[in-house]
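Now for the letters of each chain:
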Amino acid sequence: MNGKIFKKGGELLIIFIGHVSKDVNVRKGRETIVPGGGVFYGAFPAKVFVDEVEVVTKGNMDDKPLFSLFEEKGIKLVWLNSPSTTSIKNVYPTDNPDDRESRMISRALPFQKEDIENISSKVIHVSPLWKGEFPEELFEILREKCEVLSTDAQGFLRNVDDAGNMYYKEWEKARDILRMMDVFKMDINEAKVLTGEENPEKALKIVHAMGPREVILTYKDGVFLYVDEKLYHESFSGWTIEGRTGRGDTCIATYLAVRETKDPQEALKVSAEITSEKMKKPGPYIP
(Lines give C-alpha, C1' and ligand atoms only; values in the text may rest on other atoms or scores of the structure.)
Protein backbone atom coordinates (compact mmCIF):
# COMPACT_ATOMS: atom_id res chain seq x y z
CA MET A 1 0.00 0.00 0.00
CA ASN A 2 1.37 3.39 -0.98
CA GLY A 3 0.45 5.23 2.22
CA LYS A 4 -1.24 8.22 0.59
CA ILE A 5 -4.02 9.86 2.59
CA PHE A 6 -6.86 12.19 1.81
CA LYS A 7 -5.87 15.74 2.68
CA LYS A 8 -8.35 18.19 4.11
CA GLY A 9 -9.12 21.71 2.92
CA GLY A 10 -8.25 23.72 -0.16
CA GLU A 11 -9.73 23.59 -3.60
CA LEU A 12 -10.21 20.14 -5.06
CA LEU A 13 -9.81 19.07 -8.66
CA ILE A 14 -10.97 15.61 -9.65
CA ILE A 15 -9.99 14.26 -13.06
CA PHE A 16 -11.98 11.38 -14.55
CA ILE A 17 -10.23 9.38 -17.29
CA GLY A 18 -12.13 6.99 -19.52
CA HIS A 19 -14.18 6.61 -22.67
CA VAL A 20 -17.60 8.12 -22.96
CA SER A 21 -20.11 5.81 -24.61
CA LYS A 22 -23.06 6.05 -26.93
CA ASP A 23 -25.21 3.69 -24.87
CA VAL A 24 -27.99 1.69 -26.46
CA ASN A 25 -30.14 0.59 -23.52
CA VAL A 26 -32.87 -2.03 -23.87
CA ARG A 27 -35.42 -2.50 -21.10
CA LYS A 28 -38.63 -4.48 -21.56
CA GLY A 29 -38.13 -4.38 -25.32
CA ARG A 30 -37.76 -0.60 -25.47
CA GLU A 31 -34.51 0.72 -26.97
CA THR A 32 -33.04 4.16 -26.25
CA ILE A 33 -29.76 5.81 -27.28
CA VAL A 34 -28.21 8.00 -24.61
CA PRO A 35 -24.81 9.42 -23.61
CA GLY A 36 -23.05 7.18 -21.12
CA GLY A 37 -19.80 5.84 -19.75
CA GLY A 38 -18.31 5.87 -16.27
CA VAL A 39 -16.85 9.35 -16.69
CA PHE A 40 -20.23 10.68 -17.82
CA TYR A 41 -22.13 9.35 -14.82
CA GLY A 42 -19.35 10.21 -12.39
CA ALA A 43 -18.50 13.79 -13.32
CA PHE A 44 -21.89 15.36 -12.58
CA PRO A 45 -22.38 14.22 -8.96
CA ALA A 46 -18.74 15.03 -8.24
CA LYS A 47 -19.28 18.59 -9.49
CA VAL A 48 -21.98 19.07 -6.86
CA PHE A 49 -19.40 18.73 -4.08
CA VAL A 50 -16.06 19.97 -5.44
CA ASP A 51 -14.69 23.07 -7.14
CA GLU A 52 -13.38 21.65 -10.39
CA VAL A 53 -14.08 18.51 -12.38
CA GLU A 54 -12.32 17.52 -15.58
CA VAL A 55 -13.04 14.64 -17.94
CA VAL A 56 -10.36 13.23 -20.24
CA THR A 57 -11.93 11.04 -22.92
CA LYS A 58 -11.62 9.82 -26.51
CA GLY A 59 -14.09 9.64 -29.35
CA ASN A 60 -15.01 10.73 -32.84
CA MET A 61 -15.43 14.52 -33.02
CA ASP A 62 -18.80 14.07 -34.75
CA ASP A 63 -20.17 12.55 -31.53
CA LYS A 64 -18.92 15.30 -29.21
CA PRO A 65 -22.23 17.27 -29.34
CA LEU A 66 -23.97 14.28 -27.70
CA PHE A 67 -21.94 15.11 -24.58
CA SER A 68 -22.47 18.88 -24.53
CA LEU A 69 -23.95 18.56 -21.03
CA PHE A 70 -20.42 18.41 -19.58
CA GLU A 71 -19.55 21.97 -20.51
CA GLU A 72 -23.10 23.21 -19.88
CA LYS A 73 -22.64 22.20 -16.23
CA GLY A 74 -19.15 23.64 -15.86
CA ILE A 75 -17.17 20.42 -16.32
CA LYS A 76 -13.99 20.77 -18.35
CA LEU A 77 -13.95 18.31 -21.24
CA VAL A 78 -10.69 17.18 -22.82
CA TRP A 79 -11.79 15.36 -25.98
CA LEU A 80 -9.06 13.37 -27.71
CA ASN A 81 -9.88 12.47 -31.29
CA SER A 82 -10.45 8.87 -32.35
CA PRO A 83 -11.84 7.35 -35.57
CA SER A 84 -14.67 5.79 -33.55
CA THR A 85 -16.55 6.47 -30.34
CA THR A 86 -17.13 3.65 -27.89
CA SER A 87 -20.71 2.40 -28.09
CA ILE A 88 -22.24 -0.32 -25.91
CA LYS A 89 -25.61 -2.06 -26.05
CA ASN A 90 -26.96 -2.88 -22.57
CA VAL A 91 -29.89 -5.26 -22.22
CA TYR A 92 -31.65 -5.57 -18.85
CA PRO A 93 -33.62 -8.83 -19.08
CA THR A 94 -35.13 -8.73 -15.57
CA ASP A 95 -36.06 -6.24 -12.88
CA ASN A 96 -32.88 -7.11 -10.97
CA PRO A 97 -30.47 -4.22 -11.63
CA ASP A 98 -27.49 -6.56 -11.20
CA ASP A 99 -28.61 -8.51 -14.30
CA ARG A 100 -27.14 -6.85 -17.37
CA GLU A 101 -26.09 -8.22 -20.77
CA SER A 102 -23.67 -5.97 -22.66
CA ARG A 103 -22.30 -6.00 -26.19
CA MET A 104 -19.69 -3.70 -27.69
CA ILE A 105 -20.80 -2.02 -30.92
CA SER A 106 -17.70 0.12 -31.51
CA ARG A 107 -14.57 1.20 -29.63
CA ALA A 108 -12.55 4.39 -29.43
CA LEU A 109 -8.77 4.07 -29.44
CA PRO A 110 -7.10 3.05 -26.17
CA PHE A 111 -5.37 5.70 -24.08
CA GLN A 112 -1.63 6.10 -24.47
CA LYS A 113 1.21 7.76 -22.59
CA GLU A 114 0.93 11.02 -24.51
CA ASP A 115 -2.71 11.41 -23.46
CA ILE A 116 -1.94 11.67 -19.74
CA GLU A 117 1.58 13.12 -19.53
CA ASN A 118 0.43 16.69 -18.96
CA ILE A 119 -2.32 16.13 -16.41
CA SER A 120 -2.11 16.33 -12.63
CA SER A 121 -4.74 16.56 -9.92
CA LYS A 122 -5.40 15.99 -6.26
CA VAL A 123 -7.71 13.09 -7.16
CA ILE A 124 -7.64 10.99 -10.34
CA HIS A 125 -10.24 8.33 -11.02
CA VAL A 126 -9.69 5.96 -13.96
CA SER A 127 -12.99 4.55 -15.25
CA PRO A 128 -12.50 2.34 -18.34
CA LEU A 129 -15.38 0.51 -19.98
CA TRP A 130 -13.38 -2.44 -21.33
CA LYS A 131 -10.07 -4.19 -20.79
CA GLY A 132 -7.40 -2.63 -22.98
CA GLU A 133 -8.98 0.82 -23.01
CA PHE A 134 -6.55 1.98 -20.32
CA PRO A 135 -3.27 -0.01 -20.50
CA GLU A 136 -2.17 -1.00 -17.01
CA GLU A 137 1.36 0.37 -17.40
CA LEU A 138 -0.06 3.90 -17.50
CA PHE A 139 -0.90 3.68 -13.79
CA GLU A 140 2.81 4.06 -13.01
CA ILE A 141 2.65 7.51 -14.61
CA LEU A 142 -0.58 8.54 -12.87
CA ARG A 143 0.69 7.45 -9.46
CA GLU A 144 3.14 10.34 -9.52
CA LYS A 145 0.54 12.87 -10.66
CA CYS A 146 -2.00 12.79 -7.82
CA GLU A 147 -2.50 12.37 -4.10
CA VAL A 148 -5.44 9.99 -4.43
CA LEU A 149 -5.56 7.42 -7.23
CA SER A 150 -8.75 5.44 -7.79
CA THR A 151 -10.08 3.00 -10.36
CA ASP A 152 -12.97 0.67 -11.16
CA ALA A 153 -12.81 -3.11 -11.63
CA GLN A 154 -15.02 -3.04 -14.72
CA GLY A 155 -12.35 -1.83 -17.13
CA PHE A 156 -9.96 -4.63 -16.21
CA LEU A 157 -12.33 -7.58 -15.85
CA ARG A 158 -14.68 -6.89 -18.77
CA ASN A 159 -13.19 -8.27 -21.97
CA VAL A 160 -14.48 -7.98 -25.53
CA ASP A 161 -14.25 -10.69 -28.19
CA ASP A 162 -14.07 -10.15 -31.96
CA ALA A 163 -17.86 -10.19 -32.25
CA GLY A 164 -18.27 -7.51 -29.59
CA ASN A 165 -19.51 -9.89 -26.91
CA MET A 166 -18.50 -8.72 -23.45
CA TYR A 167 -17.47 -11.22 -20.82
CA TYR A 168 -15.69 -11.20 -17.49
CA LYS A 169 -12.48 -13.07 -16.76
CA GLU A 170 -9.73 -13.08 -14.18
CA TRP A 171 -7.49 -9.98 -13.98
CA GLU A 172 -3.94 -11.28 -14.22
CA LYS A 173 -2.26 -8.05 -13.11
CA ALA A 174 -4.67 -7.28 -10.30
CA ARG A 175 -2.11 -7.39 -7.51
CA ASP A 176 0.39 -5.28 -9.42
CA ILE A 177 -2.17 -2.54 -10.03
CA LEU A 178 -4.11 -2.67 -6.77
CA ARG A 179 -0.97 -2.05 -4.73
CA MET A 180 -0.90 1.43 -6.34
CA MET A 181 -4.54 2.27 -5.57
CA ASP A 182 -5.85 4.42 -2.77
CA VAL A 183 -9.49 3.63 -3.60
CA PHE A 184 -10.91 0.73 -5.58
CA LYS A 185 -14.52 0.15 -6.63
CA MET A 186 -16.23 -3.08 -7.76
CA ASP A 187 -19.75 -4.47 -7.91
CA ILE A 188 -20.94 -7.78 -6.53
CA ASN A 189 -20.44 -9.65 -9.81
CA GLU A 190 -16.95 -8.21 -10.34
CA ALA A 191 -16.04 -9.10 -6.76
CA LYS A 192 -16.86 -12.74 -7.41
CA VAL A 193 -14.73 -12.83 -10.57
CA LEU A 194 -11.85 -11.07 -8.84
CA THR A 195 -11.85 -13.09 -5.61
CA GLY A 196 -14.01 -16.18 -6.14
CA GLU A 197 -16.10 -15.06 -3.16
CA GLU A 198 -19.85 -14.43 -3.19
CA ASN A 199 -19.80 -13.07 0.36
CA PRO A 200 -19.25 -9.27 0.13
CA GLU A 201 -17.33 -8.96 3.39
CA LYS A 202 -14.91 -11.74 2.49
CA ALA A 203 -14.42 -10.33 -1.00
CA LEU A 204 -13.71 -6.87 0.38
CA LYS A 205 -11.09 -8.19 2.78
CA ILE A 206 -9.35 -10.15 0.02
CA VAL A 207 -9.15 -7.11 -2.25
CA HIS A 208 -8.07 -4.85 0.60
CA ALA A 209 -5.18 -7.20 1.30
CA MET A 210 -3.98 -6.66 -2.28
CA GLY A 211 -3.22 -3.01 -1.54
CA PRO A 212 -6.06 -0.46 -1.78
CA ARG A 213 -6.67 1.44 1.44
CA GLU A 214 -10.39 1.91 0.76
CA VAL A 215 -12.51 -0.64 -1.14
CA ILE A 216 -16.10 -0.07 -2.24
CA LEU A 217 -18.57 -2.76 -3.36
CA THR A 218 -22.00 -2.00 -4.81
CA TYR A 219 -24.94 -4.39 -5.22
CA LYS A 220 -28.66 -4.04 -5.84
CA ASP A 221 -29.60 -3.06 -2.29
CA GLY A 222 -26.69 -0.86 -1.28
CA VAL A 223 -22.98 -0.30 -0.92
CA PHE A 224 -20.24 -1.69 1.31
CA LEU A 225 -16.98 0.01 2.27
CA TYR A 226 -13.95 -1.61 3.85
CA VAL A 227 -11.28 0.68 5.32
CA ASP A 228 -8.94 0.46 8.32
CA GLU A 229 -10.19 -3.08 8.99
CA LYS A 230 -13.72 -1.75 9.45
CA LEU A 231 -16.79 -2.65 7.37
CA TYR A 232 -19.44 -0.04 6.63
CA HIS A 233 -22.75 -0.39 4.81
CA GLU A 234 -25.43 1.94 3.48
CA SER A 235 -28.66 1.00 1.71
CA PHE A 236 -30.03 2.28 -1.57
CA SER A 237 -33.68 3.33 -1.69
CA GLY A 238 -36.25 4.09 -4.34
CA TRP A 239 -34.33 2.90 -7.40
CA THR A 240 -35.88 1.98 -10.73
CA ILE A 241 -34.50 -0.37 -13.38
CA GLU A 242 -34.45 2.60 -15.81
CA GLY A 243 -31.99 4.38 -13.55
CA ARG A 244 -29.66 1.41 -13.07
CA THR A 245 -27.03 2.42 -15.65
CA GLY A 246 -24.38 4.51 -13.92
CA ARG A 247 -25.09 3.26 -10.40
CA GLY A 248 -21.54 2.38 -9.48
CA ASP A 249 -20.04 5.37 -11.28
CA THR A 250 -22.28 7.74 -9.33
CA CYS A 251 -21.46 5.98 -6.09
CA ILE A 252 -17.66 6.06 -6.38
CA ALA A 253 -17.55 9.60 -7.79
CA THR A 254 -19.68 10.98 -4.97
CA TYR A 255 -17.62 9.10 -2.41
CA LEU A 256 -14.35 10.51 -3.75
CA ALA A 257 -15.71 14.05 -3.74
CA VAL A 258 -17.24 13.92 -0.26
CA ARG A 259 -14.37 11.92 1.25
CA GLU A 260 -12.14 14.97 0.82
CA THR A 261 -13.73 16.59 3.88
CA LYS A 262 -15.67 13.79 5.59
CA ASP A 263 -14.80 10.55 7.34
CA PRO A 264 -15.43 7.24 5.52
CA GLN A 265 -18.79 6.53 7.14
CA GLU A 266 -20.24 9.96 6.37
CA ALA A 267 -18.85 9.93 2.83
CA LEU A 268 -20.45 6.53 2.23
CA LYS A 269 -23.78 7.73 3.59
CA VAL A 270 -23.85 10.72 1.24
CA SER A 271 -22.75 8.52 -1.64
CA ALA A 272 -25.63 6.09 -1.06
CA GLU A 273 -28.13 8.95 -0.83
CA ILE A 274 -26.99 10.55 -4.08
CA THR A 275 -26.87 7.17 -5.84
CA SER A 276 -30.41 6.40 -4.68
CA GLU A 277 -31.61 9.70 -6.11
CA LYS A 278 -29.79 9.04 -9.38
CA MET A 279 -31.39 5.60 -9.77
CA LYS A 280 -34.91 7.00 -9.67
CA LYS A 281 -34.57 8.08 -13.31
CA PRO A 282 -32.31 7.65 -16.34
CA GLY A 283 -29.28 9.87 -16.87
CA PRO A 284 -26.64 11.29 -14.53
CA TYR A 285 -27.34 12.86 -11.16
CA ILE A 286 -27.95 16.58 -11.63
CA PRO A 287 -29.78 18.31 -8.76
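Owing to the predicted nature of the structure, the values given are computational and were not obtained by experimental measurement. (Residues numbered from 1 in each chain as written. Predicted model: local features only at pLDDT ≥ 70, side-chain atom pairs only at ≥ 80, totals over all residues. Heavy atoms only, no water.)

**Describing the packing of aromatic side chains**
Threshold: Any two of the Phe, Tyr and Trp rings considered here, Trp counted by its six-membered ring, make a pair once their centres fall within 6.5 Å; the pair's planes then place it as stacked at under 30 degrees, edge-to-face at over 60, or tilted in between. The secondary structure listing takes helices from DSSP runs of H or I that are at least 4 residues long and strands from runs of E that are at least 2 residues long, numbered from the N terminus. Both a distance and an angle decide whether a charge sits over a ring: NZ of Lys or CZ of Arg must be within 6 Å of the ring centre and within 35 degrees of the ring normal.
Applying the stated criterion to the full structure yields 13 aromatic pairs. Judged by centre distance (5.4 Å) and plane angle (5°), the ring pair of Phe-44 and Phe-70 falls under stacked. With Phe-44 in helix H1 (residues 38–49) and Phe-70 in helix H2 (residues 69–72), the pair connects residues that are 26 residues apart, well separated along the chain. Here Arg-107 stacks its cationic end above the ring of Trp-130, 4.9 Å away from the centre of that ring.

**Re the pairing of strand S2 (residues 21–27)**
One face of the sheet, then the other: side chains in a regular strand alternate in exactly this way. Our working rule: Burial classes follow relative accessibility: with a 1.4 Å probe on protein chains only, a residue under 20% of its type's maximum area counts as buried, one over 50% as exposed, and anything between as partly exposed. In this analysis, strands are considered paired if DSSP registers two or more bridges between them.
For S2, the tally of buried residues reaches six of seven residues, placing the bulk of the element in the interior. Bridge count between S2 and strand S3 (residues 30–36): seven bridges; the pairing is antiparallel. Considered in S3, the bridge of Asp-23 is made with Val-34. Pairing geometry for S2 and strand S6 (residues 87–92), over six bridges, is parallel. Across the sheet, Arg-27 pairs through a bridge with Tyr-92, a residue of S6.

**With respect to the sheet that holds strand S8 (residues 123–126)**
Operational definition: Between N-to-C directions, angles cover 0 to 180 degrees, with each direction set by a line fitted to C-alpha atoms, over the stretch in contact for helices. Contact criterion: two residues are considered in contact whenever any of their non-hydrogen atoms come within 4.5 Å of each other.
Pairing within the open sheet is mixed, and its nine strands lie in the order S5-S4-S1-S8-S9-S12-S13-S14-S15. At either end of the open sheet lies a strand with only one pairing partner, and these are strand S5 (76–81) and strand S15 (230–235). For this sheet the average axis-to-axis angle between neighbouring strands, irrespective of direction, equals 15°. By the bridge criterion, six bridges tie strand S14 (residues 222–227) to S15 in an arrangement that is antiparallel. Bridged to Val-227 within S15 is Lys-230. The strands touched by helix H9 (residues 247–259) are strand S1 (13–17), S8, strand S9 (148–152), strand S12 (183–187), strand S13 (214–219) and S14; relative to S13, the strand with the most contacts, the crossing angle is about 145°.

**Structural notes on empty space enclosed by the protein**
Where we set the bar: Lining residues are those with an atom within 4 Å of a point, where the points come from a 1 Å grid over the protein atoms alone and group into cavities, where a 1.4 Å probe fits but cannot get out, or pockets, open sets with protein on both sides within 12 Å along at least five of seven lines. Grid points are joined across faces, edges and corners, and a volume is the space filled by probe spheres set on the points.
Per the counting criterion, the structure on display carries one cavity of 30 Å³ or more. One number sums up the size of the largest cavity: a volume of about 230 Å³. If you trace the largest cavity, you find 22 residues lining it, with Arg-100, Leu-129, Gln-154, Gly-246 and Asp-249 closest to the centre. Secondary-structure elements contributing two or more residues to the lining of the largest cavity are S2, H1, S6, S12 and H9. The dominant element in the lining of the largest cavity, judged by the number of residues it contributes, is H9, at three residues.

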